[in-house]
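Spelled out from the first residue to the last, the chains are:
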Amino acid sequence: MYDLSVIIPTFNEEENIPRIIEEVDAVFRKSNLNGEILVVDDNSKDRTIAIVQKLHTEKENVNILVRTSDHGLSQSVADGFSHASSDIFVVIDADFSHPPALIPKMYDEIRAGNDVVIGSRYMDGGGIKDWPLKRRVISKGATFLGRLLFPDISDPVSGFFAVRKEVVTGAPLKPKGYKILLEVLGKGTWENDKEIPFEFVDREIGSSKLKFRTIAEYAGQVVDIALFSVLHRGSAGWKEWERVIKFGLVGLTGIVVNMGLLYYLKEYVGLYYLVASFIAIEISILNNFLWNDLWTFRTQEKQKLSSRWHRLLAFNLVSAGGVVINLGLLYLFTSVFGVYYLISNLIGILVAFLWNFIINRNITWIKKKTGRV
Ligand code: GDD
Ligand code: MN
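Residues numbered from 1 in each chain as written. Chains lettered and ligands numbered in written order. Predicted model: local features only at pLDDT ≥ 70, side-chain atom pairs only at ≥ 80, totals over all residues. Heavy atoms only, no water.

Colleague: Please explain a nonpolar patch on the surface as it appears in this structure.
Modeller: Among the surface-exposed residues, Ile245, Leu249, Leu252, Ile255, Met259, Leu290, Trp291, Leu294 and Trp295 lie close enough to one another that they form a single nonpolar patch of about 890 Å² accessible area. When contributions to the nonpolar patch are tallied by element, the ones reaching two or more residues are helix 9 (238–267) and helix 10 (273–296). The greatest single-element share of the nonpolar patch, amounting to five residues, is contributed by helix 9. Examined against the element boundaries, leucine 252 turns out to sit in helix 9. (Patch = residues over 30% accessible without salt bridge, like charges linked within 9 Å, V, L, I, M, F, W, Y side chains within 5 Å. Areas by Shrake-Rupley, 256 points an atom, 1.4 Å probe, with all protein chains shown as cover. Salt bridge = Lys/Arg side-chain N within 4 Å of Asp/Glu carboxyl O. Helix = DSSP H or I, 4+ residues; strand = E, 2+ residues; numbered from the N terminus.)

Below you can see the structure in the form of structure tokens.
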């Protein structure tokens, strides 16, 4: 039995494959690891298959799985999971975008009790070299969507990661497109994750196979995982839904506090209604902050904003933004588009809620990382 299996998906990688196999194998030897290399190829038209088959006759730890149907990077990695002969999998690209030298560290982190270890481009010490603006923008967009599901993970769409076999066995993966990691995080069974920074280096040989269709499929994948998480209470993504629900309930208590105070301050204290409203809004923000800090995000470990005062300040500013969004949309829809004002207000409340949750989740109550970029 091998200590780990390094899964390398390939499609027409004849120039890279012999070099990456050699390098991964050298890393194994250097770190005294009994590792398997499993190339999962989608029936390449170049010499990739022949090259790996030849290496297989020389090194018994090099294997290849040639697929002839359901072409795709994620599908190939998922097939790799079910054909690998060990309990720890590392997925790495063939084109040297990911440094094989990090494999032993990923392996150690899994052995130390992590279920998923992610090579991250988006934390201190990580980065991307030589990517044109267009790729950066697409990647940032994909990362943003992925972080809606897993805000505490800086790079949930990385192609370089390690995972324990139990995380994926039996998981109802629907692999499609490029983002197999997000699928694993969404559908797999895991508790602990760890991110390790690395610098992504764009391929020198060959070209990226990323197509527009891949982006569209990705958006569908995010929706699918969100639905899966809301329907499966045990799933990793459910924890985020739980926060959304609690945040919403807290918001409702805020409305009660706001209305009650407005009434009291105007009718009993005799304040001018706009002044009363201002005070009512501020106190309901305080109310919401306390409930969210003590309840919604109680389980949040090692907050980036470690002081409660800092979190309160952040929450207050974000909420003020929410009020502006609510009023702005109320005005826009009612006075510009002629929508009935209660409907406009509902739109305003909904968008302000999304704003409040997403921004607060990513600023006020975000896990501390060794710096996020
Ligand atoms: N088997 C198989 N089938 N392998 C494929 C396929 C496919 O359809 N398409 C690509 N590959 C292999 C390539 O041969 C390479 O080893 C690896 O998958 C990555 O393919 P690239 O086309 O070079 O991907 P990329 O550089 O655009 O994207 C990388 O970075 C993304 C993060 O921005 C990948 O690592 C992605 O998974 C990652 O999300
Ligand atoms: Mn690449």
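Colleague: So what exactly am I meant to see when it comes to the nonpolar core here?
Modeller: For soluble globular proteins, the rule of thumb is that nonpolar side chains tend to be buried together. Ranked by size, the top nonpolar core spans 34 residues in total, and within it Leu4, Val6, Ile8, Ile17 and Ile21 carry the most contacts. For this core, the secondary structure elements donating two or more residues are strand 1 (4–10), helix 1 (17–30), strand 2 (35–41), helix 2 (48–58), strand 4 (88–91) and helix 4 (103–111). It is helix 1 that provides the largest number of residues to this core, a total of five residues. With residues near it in sequence (within four places) discarded, leucine 4 still touches Phe28, Leu33, Asn34, Gly35, Glu36, Ser86, Ile88, Val90, Ile103 and Tyr107. Counting 33 residues, the second-largest nonpolar core is a separate cluster that includes Ala84, Ala142, Leu173 and Ala226. (Core = buried A, V, L, I, M, F, W, Y, C linked by side-chain atoms within 4.5 Å. Buried < 20%, exposed > 50% of the residue type's maximum accessible area, 1.4 Å probe, protein only. Contact = heavy atoms within 4.5 Å.)

Colleague: Please clarify how the sheet that holds strand 4 should be interpreted in this entry.
Modeller: Sheet strands associate in pairs through backbone hydrogen bonding, adopting either a parallel or an antiparallel arrangement. Here seven strands make up an open sheet; going across it, the order is 3-2-1-4-7-5-8 and the pairing mixed. Here the strands that pair on one side only, and so sit at the sheet edges, are strand 3 (62–66) and strand 8 (193–197). Strand-to-strand twist across the sheet, computed as the mean angle between neighbouring axes with direction ignored, equals 20°. Across seven bridges, the pairing between strand 1 and strand 2 is parallel. Of the residues in strand 2, the one forming a bridge with threonine 10 is aspartate 41. On top of the sheet, helix 3 (residues 73–83) reaches strand 1, strand 2, strand 3, strand 4 and strand 7 (161–164); it is set at about 155° to strand 1, its chief contact. (Pairing = 2+ DSSP bridges. Axes fitted to C-alpha atoms, helices over the stretch in contact; angles between N-to-C directions.)

Colleague: For this particular structure, what's the right way to read the pairing of strand 7?
Modeller: A regular strand places its side chains so that they alternate between the two faces of the sheet. Covered by surrounding structure in strand 7 are Phe161 and Val163 together with Ala162 and Arg164, the residues of both alternating faces. The pairing of strand 4 with strand 7 spans four bridges and is antiparallel. Counterpart to phenylalanine 89 in the pairing with strand 7 is valine 163.

Colleague: What's the story with the environment of tyrosine 107 in this structure? I'm lost.
Modeller: Position of tyrosine 107 among the secondary structure elements: in helix 4. Taking the C-alpha atoms as reference points, tyrosine 107 and leucine 33, 74 residues apart in sequence, are found 9.5 Å from one another. What tyrosine 107 contacts, discounting residues up to four positions off in sequence, is Asp3, Leu4, Leu33 and Ile88.

Colleague: What is the right way to look at the pairing of strand 3 in this model?
Modeller: Pairing geometry for strand 2 and strand 3, over five bridges, is parallel. Each bridged residue has a counterpart across the sheet, and for valine 40 the counterpart in strand 3 is leucine 65. With respect to chirality, the unit in which strand 2 leads through helix 2 into the neighbouring parallel strand 3 is right-handed. (Right-handed = clockwise from strand over helix to strand, strands pointing away.)

Colleague: Help me understand helix 9, please; the structure alone is not making it clear to me.
Modeller: Working note: α-helix, 3.6 residues per turn, so residues spaced by three or four point in the same direction. Under the 1.5 Å per step criterion, the end-to-end length of helix 9 is 44 Å for 30 residues, consistent within 8% with the ideal 44 Å. Restricting attention to buried positions, one finds in helix 9 the residues Trp238, Glu240, Arg243, Lys246, Phe247, Val250, Gly254, Leu261 and Leu265. Considering only its buried residues, helix 9 is in contact with helix 5 (133–149), helix 8 (212–231), helix 10, helix 11 (308–336) and helix 12 (341–363). (Expected span 1.5 Å × (residues − 1).)

Colleague: Hey, could you run me through the packing of helix 5 against helix 8 in this one?
Modeller: When two helices pack together, their arrangement is given by the angle between the helix axes and the distance between those axes. Here helix 5 crosses helix 8 at 10°, and the two axes come no closer than 10 Å. The angle between helix 5 and helix 8 falls in the class roughly parallel. Between helix 5, through Ile138, Ala142, Leu145, Gly146 and Leu149, and helix 8, the contact on the second element is made entirely by Ile215, Tyr218, Val222, Ile225 and Ala226. Broken down by class, the residue content of the contact of helix 5 with helix 8 amounts to nine nonpolar, one polar and no charged. (Parallel < 35°, antiparallel > 145°, perpendicular 65-115°, else oblique. Nonpolar A, V, L, I, M, F, W, Y, C, P; charged D, E, K, R; others polar.)

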